Amino acid sequence: MTFPKSPRLPLMLLLAMSSFAMTGLIRAANPNTSDFSGIWRLNDQQSDSPSDIAARLRAERKREQPVQLPASAASTGAPSTSQTSGQHGGHVGGHGMGGGTGGGGMSGGHGHGGGRGHAKAPTSDNGAAPPDAPPPLLENDSLLNVQQDAKGIRVVLGDKDQLDSRLDGFARQSLNGGAMVSSQMTAAGMQITMQFDGDVRLQQDWAQSPDGHHLIVTETWTTPAVQQPIVFKRSYDRLDI
């Protein structure tokens, strides 16, 4: 016995396939729906300390320094500029003294000026070392109050800094106008990028534990003090659960 085919069956199958396709597109557009809302306290034992980060910065600066040649290899048999200038100044001074007191005075001034130029040369050649400034926000990140919805996120750090950003990947002013900030959801969690004055950049990659009780923020700090960025980790425990 055969049953007549229902004309609705292909239509229902087509609708089901369309529904699955739309679900896939939505998931592709929003790879992660993690909610980081909550009050998070820094876990010092599981985090890189400011001294650890400063040590990494010093180590990177030392690694990037050019190799210094030994003094014996750098020296040559030619007389130095200061010696030549001194001999020349002495000769002119003798001539000036023979001509009169005024000539001697000019000669003395010329010789002294050459000495000042030689003293400044090492300072201008070596330059001043950049300061060991800590990464932005490091001194005020022990407590995070996070509020998140489908469109954006607000992070209050301690009682000082407040970060507001839309989760669309576009940079806008935030942190009381102190930085250009962009944020977006990623497959692993959330990424916040901050661009500060002076070519300083801080990228934070947020990831939650499966139970939502712990938060790991991996930070990539770009500073003009070194060529390579400094990477460090800050771990948090949620308090309002």
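This report concerns the structure included in the present document. Fair warning: this is a prediction, and the values are worked out from it, not measured in the lab.

This paragraph deals with the pattern of salt bridges. According to the stated counting rule, one finds seven salt bridges in the structure shown. Asp168 is the salt-bridge partner of Arg172, the closest N and O atoms lying 2.7 Å from each other. Classification of Arg172 as partly exposed rests on a relative accessible area of 34%. Judged by relative accessible area, Asp168 falls into the partly exposed class, the value being 33%.

The subject of this paragraph is the side chain of Ser165. With respect to the element layout, Ser165 can be found in strand S4 (residues 161-166). A polar contact of 2.7 Å, which involves the side chain of Ser165, links it to the side chain of Ser183.

Moving on, we get to the packing of aromatic side chains. Taken as a whole and judged by the stated rule, the model has one aromatic pair. With 5.6 Å between their ring centres and 90 degrees between their planes, Phe36 and Trp206 make a pair best called edge-to-face. One end of the pair, Phe36, is in the loop between helix H1 (8-29) and strand S1 (38-42); the other, Trp206, is in strand S8 (residues 200-208), with 170 residues separating them in the sequence. In this structure, Phe36 and Trp206 share a single accessibility class: buried.

Okay, the environment of Gln195 next. On the secondary structure map, Gln195 appears in strand S7 (residues 190-196). Between the alpha carbons of Gln195 and Ala171 there is a distance of 8.9 Å; along the sequence they are 24 residues apart. Separated by 3.5 Å, the side chain of Gln195 and the backbone oxygen of Val200 make a polar contact.

As enumerated under the stated definition, the model contains one cavity of 30 Å³ or more in all. Considering only enclosed or pocket space, the largest cavity measures out at about 130 Å³ in volume. Going through the elements one at a time, strand S3 (152-157), S7, S8, strand S9 (214-222) and strand S10 (230-238) are the ones with two or more residues in the lining of the largest cavity. Partitioned by chemical class, the residues of the lining of the largest cavity number 13 nonpolar, one polar and two charged.

Inspection of the sheet shows S7 paired to S8 by seven bridges, in the antiparallel sense. Looking across to S8, one finds that Met194 is bridged to Leu202. Hairpin connection from S7 to S8: three residues lie between these consecutive antiparallel strands, with Gly198 at a positive phi of about 75 degrees. As paired strands, S8 and S9 are joined by eight bridges and run antiparallel to one another. In the strand pairing of S9, Gln208 is matched with Leu215. Between S8 and the antiparallel strand that follows it, S9, lie five residues; Gly212 among them carries a positive phi value of about 75 degrees.

It is worth spelling out a nonpolar patch on the surface at this point. Taken together, the side chains of Ile39, Leu143 and Leu239 present a nonpolar region at the surface, about 210 Å² in accessible area. Examined against the element boundaries, Leu143 turns out to sit in strand S2 (residues 143-148). With relative accessibility at 34%, the residue Leu143 sits in the partly exposed group.

Definitions and limits used
Each chain has its residues counted from 1, following the order in which its sequence is written. Since the coordinates come from a predicted model, pLDDT governs what is reported: local features require at least 70, and pairs of side-chain atoms require 80 or more to be given and counted, while whole-chain, interface and lining totals use all residues. Neither water nor hydrogens contribute to the side-chain values; these are computed over all heavy atoms in the structure. Put simply, a salt bridge is a Lys or Arg side-chain nitrogen that is within 4 Å of an Asp or Glu carboxyl oxygen. Partly exposed residues are those whose accessible area sits between 20% and 50% of the maximum for their type, while under 20% is buried and over 50% is exposed, using a 1.4 Å probe and protein chains only. The way it works is that DSSP assigns letters per residue, a run of H or I at least four long becomes a helix, a run of E at least two long becomes a strand, and they are numbered from the N terminus. Nitrogen and oxygen atoms within 3.5 Å of one another constitute a polar contact, given that in protein one can donate a hydrogen and the other can accept it, and given that sequence-neighbouring residues count only through two side-chain atoms. Only rings of Phe, Tyr and Trp enter the pairing, Trp through its six-membered ring, and a pair is recorded when the two centres are within 6.5 Å. The plane angle decides the type: under 30 degrees is stacked, over 60 is edge-to-face, the rest tilted. With a 1 Å grid laid over protein atoms only, a set of points is called a cavity when a 1.4 Å probe fits there but cannot get out and a pocket when it is open yet has protein on both sides within 12 Å along at least five of seven lines; lining residues have an atom within 4 Å of a point. Grid points are joined across faces, edges and corners, and a volume is the space filled by probe spheres set on the points. Under this grouping Gly is polar, as are all residues other than the nonpolar Ala, Val, Leu, Ile, Met, Phe, Trp, Tyr, Cys and Pro and the charged Asp, Glu, Lys and Arg. The pairing criterion for strands is at least two bridges between them, as found by DSSP. Only residues whose relative accessible area exceeds 30% and that form no salt bridge enter a patch; like-charged residues are grouped when within 9 Å of one another, and nonpolar side chains (Val, Leu, Ile, Met, Phe, Trp, Tyr) when within 5 Å. Using the Shrake-Rupley algorithm and a 1.4 Å probe, accessible areas are obtained, with residue cover drawn only from the displayed protein chains.

Bear in mind that shape data such as this cannot, by itself, settle questions of function.
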